Each structure stands twice: as structure tokens, then as C-alpha cells.
Amino acid sequence: RYLYLISGTASINNHGEVINVGNVTLQAQRLLENIGALLADGGATLDNVKYYVIYLRDIADAAAIDEFMEQAFPGVPRIITHAKVCRPAWLVEMECIAERTM
């Protein structure tokens, strides 16, 4: 069994630059691409995500992000919370736990 602990992932490119400034849904889409790439490096996929936490700079974005994430991870347990995320331009940040059996 393999366990993956992904933390502090956001909408950045491979140079660390923020992508999709000002658009929370596009930032969420990019952070999922980044998490997918991290999981792929370990032989897993987004389908292996078992639980995740979403941190939002503006809690008013909660409904839109909840709907977006439910489409990406139907039925997967989650927490969406208000938080002062790392960089001012980040609107959303995510951590997750994924699991894959051999």
C-alpha cells in the first residue's frame, strides 16, 4: 500500500509563478493539474485521492469551489475553510491524502 501526502499546492507554473490571478475556479483547475503531476511521479492519479482540504482566501468562493471540487472528486470527503493562504495572489490552496494499493 502506498500513501501520498500532498500539501500546500496551488495555481503555479514550473517557475513558481502564480497562474490565473483573480479567478478562483481556474486556480483550482490548475492546482489539480499540479497535484495530478505530483501523484503521477509516484505512480498514482487523482482517482486515488481519499480526502482533501481546501483553503480559500475569500470564503465567498466556497459554493463555487465546492461545486467544482465535487465534479472533480464525487463523494470524496473534504473540508473547505477560510484561511490566509501563503501568497496574496493565491485564492485557493489544497492539501490531500491519496492511497494506492500495489
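So, here's what we can say about the structure. All residue numbers refer to positions counted from 1 along the written sequence of the respective chain. Reporting in this predicted model follows two pLDDT cut-offs: at least 70 for local features of residues, and 80 or more for side-chain atom pairs to be given and counted; totals over whole chains, interfaces and linings ignore these cut-offs and use all residues. The side-chain values count all of the structure's non-hydrogen atoms but skip hydrogen atoms and water molecules.

Concerning the pairing of strand 3 (residues 78-82)
At step 1: In short, DSSP must find at least two bridges between two strands for them to pair. Here a helix means four or more residues in a row that DSSP labels H or I, a strand means two or more in a row labelled E, and each is numbered from the N terminus. Two strands pair when backbone bridges link them, and strand 2 (residues 49-56) and strand 3 are joined in this way by 5 bridges, in the parallel orientation. Residue Tyr55 lies in a different strand from strand 3, and its bridge partner there is Thr81.
At step 2: With respect to chirality, the unit in which strand 2 leads through helix 2 (residues 62-72) into the neighbouring parallel strand 3 is right-handed. We call a crossover right-handed when, viewed with both strands directed away from the observer, the connection leading from the first strand over the helix to the second proceeds clockwise.

Quick notes on the state of the cysteines
At step 1: Any pair of cysteine sulfurs within 2.5 Å is marked as a disulfide. Enumeration over the complete set of coordinates arrives at 0 disulfides.
At step 2: For the unlinked cysteine Cys86, the closest cysteine sulfur is that of Cys96, found at 17 Å.
At step 3: Working definition: with a 1.4 Å probe on protein chains only, accessible area under 20% of the residue-type maximum means buried, over 50% means exposed, and in between means partly exposed. By relative accessible area, which is 59% here, Cys86 ends up exposed.

Regarding the side chain of Asn13
At step 1: Within the secondary structure, Asn13 is located in the loop between strand 1 (2-9) and helix 1 (24-41).
At step 2: Using a relative accessible area of 18% as the deciding quantity, one classes Asn13 as buried.
At step 3: Each polar contact in these results corresponds to two N or O atoms within 3.5 Å; when the atoms are within protein, one needs to be able to donate a hydrogen and the other to accept it, and residues that are neighboring in sequence are counted only if both atoms are side-chain atoms. Among the polar contacts made by the side chain of Asn13, one reaches the main-chain amide nitrogen of His15 at a distance of 2.8 Å.
At step 4: Here a residue-residue contact requires only that any non-hydrogen atoms of the pair lie within 4.5 Å. Apart from the residues lying within four places of it in its own chain, the contact partners of Asn13 are Ile19 and Arg30.

Let's talk about a nonpolar patch on the surface
At step 1: A cluster of nonpolar side chains, contributed by Leu3, Leu5, Tyr51, Ile79 and Ile97, occupies part of the molecular surface with about 450 Å² of accessible area.
At step 2: Relative to the elements of secondary structure, Ile79 occurs in strand 3.
At step 3: We classify Ile79 as partly exposed; its relative accessible area is 39%. A patch consists of residues exposed above 30% relative accessible area that lack any salt bridge, with like charges linked at up to 9 Å and nonpolar side chains (Val, Leu, Ile, Met, Phe, Trp, Tyr) linked at up to 5 Å. Computed with the Shrake-Rupley method and a 1.4 Å probe, the accessible areas treat only the protein chains shown as cover for residues. Salt bridge, as applied in this entry: a Lys or Arg side-chain nitrogen positioned within 4 Å of an Asp or Glu carboxyl oxygen.

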